[in-house]
Structures are given as C-alpha cells and as structure tokens.
Amino acid sequence: YGFDVKVYSKEECEELWMHAFLDVAKASVNEPVLIVMHYNGGGEEISKGIIGKGLCYDSGGLFIKPGDGMKTMNGDMAGAGAVIGAMCSIAANKLKKNVTTIVAACENLIDGNGYRNGDILESMSGKTIYVASTDAEGRLTLADAITYMIRKENVDSIVELSTLTGSCATFFGKVCSAVLTTEDDLYNKIADKSTISGEKYWRLPTFSEYKENIKSDVADLYNSSTNGAGGISAGMFLNEFKEDKPFMHIDIAGTTYTSSKSDGQIKGATGYGVATVYYYIKG
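A.B. asks: What is the right way to read the overall build of the chain from this model?
C.D. replies: Helices and strands together make up the secondary structure of the chain, namely 10 helices and 13 strands. For the chain, the C-alpha radius of gyration of 17 Å lies close to 19 Å, the compact-globule estimate for 283 residues. Across the 283 residues that make up the chain, the buried fraction comes to 53%. Approximately 12,500 Å² of the chain is accessible, and the part contributed by carbon and sulfur atoms is 51%.

A.B. asks: Explain the packing of aromatic side chains here, please?
C.D. replies: Aromatic ring pairs are defined here through the distance separating the ring centres and the angle between the ring planes. Inspection of the entire model under this criterion finds seven aromatic pairs. Relative to Tyr 222, the ring of Tyr 130 has its centre 5.2 Å away and its plane inclined at 90°; by these criteria the two rings are edge-to-face. A residue pair is termed long-range when its members are at least 10 positions apart, and Tyr 130 in strand E6 (residues 128-130) and Tyr 222 in strand E10 (residues 221-222) qualify at 92 residues. You can call Tyr 130 partly exposed: its relative accessible area is 24%. Measuring from centroid to centroid gives 5.3 Å for Phe 237 and Phe 241, while their planes differ by 50°, and the two rings are tilted. The exposure class of Phe 237 is buried, given its relative accessible area of 0%. A cation sits over an aromatic face here: Lys 6 above Tyr 8, 5.0 Å from the ring centre. Between the NZ or CZ atom of Lys 127 and the centre of the ring of Phe 241, over which it lies, the distance is 5.6 Å.

A.B. asks: Help me out: how do you make sense of the nonpolar core in this one?
C.D. replies: In globular proteins that are soluble, nonpolar side chains generally tend to be buried together. Core analysis: the largest hydrophobic core is formed by 47 residues, its most contacted members being Leu 34, Tyr 148 and Phe 237. In terms of residue count, the dominant contributor to this core is helix H5 (residues 138-152) (eight residues). Beyond its immediate chain neighbours, meaning those up to four positions away, Phe 237 contacts Ile 129, Arg 139, Leu 140, Ala 143, Ile 214, Leu 221, Tyr 222 and Asn 223. Within the second largest apolar cluster, 32 residues are counted, among which are Ile 35, Ile 50, Val 83 and Tyr 280.

A.B. asks: When you look at the pairing of strand E8 (residues 177-181) in this model, what are you seeing that I'm missing?
C.D. replies: Within a regular strand, the side chains alternate between the two sheet faces. Extensive coverage of E8 is indicated by the burial of five of its five residues. Of the two faces of E8, both are covered, the one formed by Ser 177, Val 179 and Thr 181 as well as the one formed by Ala 178 and Leu 180. With three bridges connecting them, E8 and strand E9 (residues 201-203) associate as parallel partners. Of the residues in E9, the one forming a bridge with Ser 177 is Tyr 201. Taken together, the four bridges between E8 and strand E11 (residues 247-251) define a ladder with antiparallel strand orientation. Looking at E11, one finds that Ala 178 is bridged to Asp 251.

A.B. asks: What exactly am I supposed to notice about the side chain of Asp 58 here?
C.D. replies: Mapped onto the fold, Asp 58 is located in strand E3 (residues 47-58). Take Asp 58: its relative accessible area is 2%, and that puts it in the buried class. For Asp 58, the side chain forms a polar contact with the side chain of Lys 65, separated by 3.5 Å. Of note is the side chain of Asp 58, whose polar atom sits 2.9 Å from the side chain of Asn 108.

A.B. asks: Before we go on, may I ask you to explain the packing of H5 against helix H9 (residues 230-239) in this structure?
C.D. replies: The contact between H5 and H9 brings their axes to 9 Å, and the two run at 30°. Classed by the angle they form, the pair H5 and H9 counts as roughly parallel. The handedness of the crossing between H5 and H9 comes out as right-handed. Judged by residue contacts, Arg 139, Leu 140, Leu 142, Ala 143 and Ile 146 of H5 engage Ala 234, Phe 237 and Leu 238 from H9. Residue classes in the contact of H5 with H9 are distributed as seven nonpolar, no polar and one charged.

What counts, and at which threshold
Position numbers for residues start from 1 in each chain and track the written sequence from start to end. This being a predicted model, a pLDDT of at least 70 is required before a residue's local features are given, and a value of 80 or more before pairs of side-chain atoms are given or counted; all residues contribute to the totals for chains, interfaces and linings. No hydrogens and no water enter the side-chain calculation; it runs on all heavy atoms of the structure. We count a stretch as a helix when DSSP gives it H or I for four or more residues in a row; a strand needs E for two or more, and each element gets its number in order from the N terminus. In this description the radius of gyration comes from C-alpha coordinates, and the expected globular size is given by 2.2 Å times residues to the power 0.38. Throughout, exposure labels follow a simple rule: accessible area from a 1.4 Å probe, protein chains only, divided by the maximum for the residue type, with under 20% read as buried, over 50% as exposed, and the rest as partly exposed. Residue-level accessible areas treat just the shown protein chains as cover; the underlying method is Shrake-Rupley with a 1.4 Å probe. Note on ring pairs: Phe, Tyr and Trp rings are taken, using the six-membered ring of Trp, and paired if centres are within 6.5 Å. Classes follow the plane angle, with under 30 degrees stacked, over 60 edge-to-face and the rest tilted. Note on geometry: a ring has a charge over it if NZ (lysine) or CZ (arginine) is within 6 Å of the ring centre and within 35 degrees of the ring normal. Definition of nonpolar core: a set of buried residues of the types Ala, Val, Leu, Ile, Met, Phe, Trp, Tyr and Cys, connected through side-chain atoms within 4.5 Å. Whether two residues are in contact is decided by their heavy atoms, any of which lying within 4.5 Å being enough. Two strands make a pair as long as DSSP finds a minimum of two bridges between them. Under this definition, polar contacts are N or O atom pairs within 3.5 Å; protein pairs additionally need one hydrogen-donor-capable and one acceptor-capable atom, and for neighbouring residues in sequence, both atoms have to be side-chain atoms. A fitted line through C-alpha atoms serves as each axis, taken over the contacting stretch for helices, and the angle formed by two N-to-C directions is quoted from 0 to 180°. Orientation is classified from the angle alone, with under 35 degrees giving roughly parallel, over 145 giving roughly antiparallel, 65 to 115 giving roughly perpendicular, and any other angle giving oblique. Left-handed is the label given to a crossing in which the near helix is rotated counterclockwise from the far helix by less than a right angle, and right-handed is the label when the rotation is clockwise. Just so you know the grouping, Ala, Val, Leu, Ile, Met, Phe, Trp, Tyr, Cys and Pro go in nonpolar, Asp, Glu, Lys and Arg go in charged, and all remaining residues, Gly too, go in polar.

This is how it looks when you write it as structure tokens:
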C-alpha cells in the first residue's frame, strides 16, 4: 500500500517492558504483536501519531461478558481497522504528510495463565495499575501503545481511536462518537472534519473530580471507574499516559457497526474513523 510496517513479537514487547499490554494477552494461544506503521510523504516535518485499539477478540477475561455481549467482540479491533484503513487511504492518495500509526494487537481470553481482577500490573511508563476489571482491558493495551509512541517515535501529537466503553455506546448510540481531550486545538481539528466525513463527535468533560474515579490506594491507577462515569473515566485513565504530548481519545464503541442500511452506509461494519483520520492528516 505504500507505507512501512514493523511487527514486534511478544519477546520484543517483553524487552520493551510492555507488561500491561502483554498481561491482557496471556490467556490466548494467539501471541500478541505490536504493529508499527510509518507513512513518510511530508519530507522533514514531524509525524502525527495515530493509535487504534486492536483487541481481536474480547471475552472480558475473568470478568466475563454475558453470552449476547460476546457475539460481536471480534469487532473490538475496529479502532485498529480504522487506522489501518486510514493509512491505506493516505498512501493511496499520496498525501504530502508524515504519519505514524500503532496497533497493540491481542485477544482477551480465559485460562489459568490469564491476569486476574486484583492484580497489579506495571506498564511500560513505569506507572502501576490495579486491575479492578479484566474487562477494562483495552485501556491497558493502549496505555503501553501510547508510551511506545511517545518514547520511541518522533510525533507531535497523538489521536487514539477505540471501541472502549459500553458507557459511551449507551449514551451516544449509533449517532456520534465521544471525544476526551484537554487540547482545544486538537479537538477542533477533528471536529471540523465532520462536515466532510459525515462522522460526528461530541466532547466529554475533563473535570478534575473525575480523576478520583481512577485513583488507587495500592497502585498509581485503577483500570476501571470506582464511581460511575465509565466513558469519561476511561479517557481520563489514558490521559495519564500522554506525558507532554497533545493527546485525544475517541471512543467509537457505538458507531462501528449498524444493523440497518442507510443512504450513506451499508448494513454491518461502518469503518467509522477512517475518513476522519484521513482528512485530519490531509489538513
């Protein structure tokens, strides 16, 4: 497609100390991989960073989902699909831009080797995470992906897309996706593209009180909210790993699949986020 791809093995991820990501994957016979993609069409300019959640299947782990809730969990990689689709579009149209994308790909399953509710994990950043729920796994994989992007790649900002929470899917339905960021300029660059892409976004609050939902007495962070506001708390959790980079989280849990055809969309997977990322990179 015209962009470079490097796939890091489980052993290479261990050398990078990506234990939050790797612990999510421990119960699956399919080993995790970190996929790093580079498109260099913009000369010497600094790349924009894009991350997509790549949970190829999510059972919920020991915090197992109900049977009906697992039927579509092969779609928990929609964020990854969106950023890969966007990279193909960017390369096909030969945009004069630089972009780096990352997918931490794995499955969240169940066996005796799996991680457990109550475990304390150490992330690549060095921050420790108390596992309040093994079904809040995507943010663990994304935390290490964010740290890798910041410390190993030269990017000026990070936009991340993920089917992260049922909370946002319930609240916004199929109409729009939720955004959490403290960066007004970054948000505006995405929101302004809605009139072109047809993909709608709505910004969530980042009041400091929400940070209390992810504070732990025995680790740096909880991986799941202790006091409601699940979608906001998940975004606030990821925000803790941004270091000094402008960062924006997009929760596409409700918008990645539709059960009916419309004028602008076939029935099934929507590819939500592909057009937004493409136009965001194009500028």
